[in-house]
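Report on the structure
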Amino acid sequence: MKLLSSVLLASFASQCLAVTVTVNKTPSHSVPSTLYGGLYAEMLQNRAFQQVTPNTAAALAAWHPVNNAKLTVIADTSPVSNALPNSLQFSVPSGSTGKVGFTNEGFWGIKVDSSWTYKASLYFRFPASSSFSGALTVGLQTNAGKVLAQNSTQIHGTTTKWTQVNLELHPTASAPDVSNSFFVSIDGAAGAGQTINFALFSLFPPTFKNRPNGLRIDVAEALTEMGPSFFRFPGGNNLGQTTATRWQWNATVGSLLDRPGRVGDWGYVNTDGLGLLEYLQFFEDAGMEPIMAVWAGYSLGGTSLAENQLAPYIQQAKDQINFVVGDPAKSAPAALRASLGHPEPFTLRFVEVGNETRLLTDSAWNRYPYRWHDFVTELQAEFPHIRFIATTNAWNPILSPVPQSYDVHVYQTPTWFYQNAFYYDGFQGEYAAISTNPNDIFGSTANGRLAFPTSASAAGEAAFMTGLERNSDIVFAAAYAPLLQHVNSTQWTPDLVSYTAGSVIRSTSFYVQKLFATNKGDQYLPSTLPTKGGSLHWSITRSSKSGQTFIKVANAGNAAQSLTFQLDQFSSVSNPGTVQVIAGPETASNTPEAPNTVVPKTNTIQTGKSFTYDAPAFSVSVITVTTH
């Protein structure tokens with residue numbers, strides 16, 4: 001995603017084959033700290049039967065009976081909460097023996113690590129009082145049936161009101177793969193003829209920063225490893241297909257019992273266990289700033305509210321912002337935040353109004369001006385310190401109040417990105433090289449769509465990113481999108497980080513994002529400009545405190561290219577320097593089967609006031625020297 005506040009047009013020229021780059025000692029502008037930008041750790045799929053149709057096979061997704069148990073998802077006459085009306089009704093057949101119960105397959109498997117302590121929980125009640133008394137056992141097992149961890153508690157048939165069970169699981173051994181499941185069982189002989197209702201199951205491994213209801217450690221660590229400065233949430237296209245099914249902040253905070261979930265805009269159920277507070281805590285833990293979107297009267301299904309219908313939704317946006325930054329003594333949403341353990345306000349400087357308005361139908365697009373006006377006029381009056389971001393094309397249509405920033409998204413080929421590295425001399429939110437076929441950008445992998453980022457796509461993106469740095473006086477934030485994908489359930493490719501139930505795959509584009517974000521000065525140093533439309537691009541920034549100077553070089557071409565850097569305006573330039581470089585064959589990708597095919601390598605390099613560097617084909621390099 002790239003967010004900016006002004007725009008020019010770019011032109012193209014021939015490819016640059018060999019260059020001398022003269023570096024100016026005097027910075028042209030400062031570089032904003034925000035320039036570069038499956039998370040939830042819950043291991044059970046369909047844990048609370050949210051947004052499913054009772055009494056259907058589909059409602060039992062991921063759940064399986066053991067030893068002839070009868071399982072039905074029912075609309076409970078006495079649900080565990082109003083937000084969670086469905087429960088799993090479990091019946092033990094007469095004449096049963098041995099363990100009878102059910103399993104959950106997780107999200108295409110469950111990682112079992114003997115060094116971890118797992119926290120399992122569930123709610124249960126007997127719909128009719130009975131004389132049953134016995135052990136309820138929960139645990140982890142291989143799909144072949146070998147028990148790896150288990151724990152039990154005594155339950156009684158007289159328990160007709162919902163009761164929560166919390167148990168810890170300590171595996172005796174690690175599983176060799178993720179072909180494992182979670183199980184619940186009772187003794188069949190003792191429980192024969194019994195019926196028990198269950199609701200809101202949960203299984204958590206250790207979480208990032210040990211947060212309750214927190215995030216997967218490996219995925220969160222991968223994201224923080226990049227050194228991101230901001231995080232746009234809750235995901236623009238997840239704001240809602242209809243007005244009724246829009247993302248609503250207040251349905252994502254507080255007890256999990258009070259979170260109904262919703263069918264997300266990518267076709268699967270959002271449990272909203274990862275809610276507004278969990279997002280904000282993650283941003284604090286990771287040192288990122290939020291760019292928070294508010295629903296602004298338009299749904300992806302095509303509904304655009306009339307102006308006289310907006311008032312309650314503007315109020316909901318105010319409440320959402322007040323939950324984040326409001327004073328608990330003056331605001332009920334802020335008081336709610338305080339009651340949940342965070343009395344101090346979170347950081348919030350950027351709020352996006354709507355999402356991808358430039359892609360709407362003509363009628364909806366033409367209604368954005370009044371939606372923008374009414375939302376922003378009221379929100380700015382209450383929150384004058386916040387910058388509100390528009391989602392149309394820049395200055396088209398004309399909006400009032402005049403936007404300080406725009407969020408524009410672009411998905412293109414690797415070639416487009418290096419040919420448009422001057423786009424921001426220029427203009428541009430989200431970006432990614434997603435296809436090699438310019439005539440069918442959003443087509444299938446058989447027709448050029450990338451399954452995973454490649455060496456070529458990452459190098460093309462890096463060339464584009466040098467233009468972002470060159471124009472960071474107008475581009476205040478930029479990020480790759482989409483961020484995450486579970487490889488077993490993918491709605492969009494390629495993605496920055498892929499993961500399975502047990503592993504995380506860092507893409508070539510991930511490493512480029514990391515190289516740019518973790519090697520960034522606070523001053524941009526002008527230099528000889530690259531050739532517009534060429535495949536060789538560079539950008540140079542410097543830390544005003546340390547003198548560390550970062551020379552980024554992107555070669556998106558199929559042959560090595562030579563550059564000579566002239567830094568003789570400085571009184572001293574360190575020698576040697578270091579170079580971090582990621583390079584590989586054009587179509588090489590990091591995949592679940594080969595996650596380390598293309599990774600960065602670090603070496604020393606002979607530098608000085610004048611030095612030459614040969615950039616490999618399809619490569620991104622960061623040369624670091626100290627200048628004074």
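None of these values were measured; they are calculated from a predicted model.

1. Some points on the overall build of the protein
Counting secondary structure elements, the protein contains 9 helices and 34 strands. Scaling as 2.2 N^0.38, a compact globule of 628 residues should have a C-alpha radius of gyration of about 25 Å, and the protein matches this with 27 Å. With respect to the principal axes defined by its C-alpha atoms, the protein has extents near 90 × 60 × 45 Å. Here the protein holds 628 residues, and the buried ones make up 58% of them. Total accessible area computed for the protein in this model is approximately 23,800 Å², and 50% of it derives from carbon and sulfur atoms. When the 36 basic and 40 acidic side-chain charges of the protein are each reduced to a single mean position, those positions are 3 Å apart.

2. Focus: the sheet that holds strand 24 (residues 484-486)
Strand order in the open sheet formed by 3 strands is 24-25-26, with mixed pairing between adjacent strands. Of all the strands in the sheet, just strand 24 and strand 26 (504-506) have a single pairing partner and so form its edges. Sheet twist, expressed as the average angle between the axes of neighbouring strands with direction ignored, equals 25°. Seen against the sheet, helix 2 (residues 217-225) touches strand 24, strand 25 (497-499) and strand 26 and runs at an angle of roughly 15° to strand 26.

3. Brief notes about helix 4 (residues 311-325)
Each turn of an α-helix holds 3.6 residues, which means side chains three or four residues apart point in the same direction. With 15 residues, helix 4 extends 21 Å from end C-alpha to end C-alpha; this agrees with the ideal 21 Å at 1.5 Å per step. Counting buried positions along helix 4 yields 11 of 15 residues, so the element is predominantly enclosed.

4. Focus on the sheet that holds strand 8 (residues 118-125)
With respect to topology, 5 strands assemble into an open sheet ordered 5-6-13-8-11, the strand pairing being antiparallel. Each edge of the sheet is formed by a strand with only one pairing partner; in this case those strands are strand 5 (70-75) and strand 11 (163-169). Recorded for the sheet is a direction-independent mean angle of 35° between the axes of neighbouring strands.

5. Observations concerning unusual backbone geometry
Cis geometry is found at the peptide bond from Phe233 to Pro234, where omega equals 5°. Tracing the sequence through the fold places Pro234 in the loop between strand 14 (230-233) and strand 15 (262-263). For the bond running from Asn396 to Pro397, omega is 5°, close enough to zero to count as cis. Within the fold, Pro397 resides in the loop between strand 19 (387-390) and strand 20 (405-408). Unusually for a residue other than glycine, Asn55 sits at a positive phi of about 65°.

Rules used throughout
- Residues numbered from 1 in each chain as written.
- Predicted model: local features only at pLDDT ≥ 70, side-chain atom pairs only at ≥ 80, totals over all residues.
- Heavy atoms only, no water.
- Helix = DSSP H or I, 4+ residues; strand = E, 2+ residues; numbered from the N terminus.
- Rg over C-alpha atoms; globule rule 2.2 N^0.38 Å.
- Buried < 20%, exposed > 50% of the residue type's maximum accessible area, 1.4 Å probe, protein only.
- Areas by Shrake-Rupley, 256 points an atom, 1.4 Å probe, with all protein chains shown as cover.
- Lys, Arg positive; Asp, Glu negative; His and termini not counted.
- Charge placed at Lys NZ, Arg CZ, Asp CG, Glu CD.
- Pairing = 2+ DSSP bridges.
- Axes fitted to C-alpha atoms, helices over the stretch in contact; angles between N-to-C directions.
- Contact = heavy atoms within 4.5 Å.
- Expected span 1.5 Å × (residues − 1).

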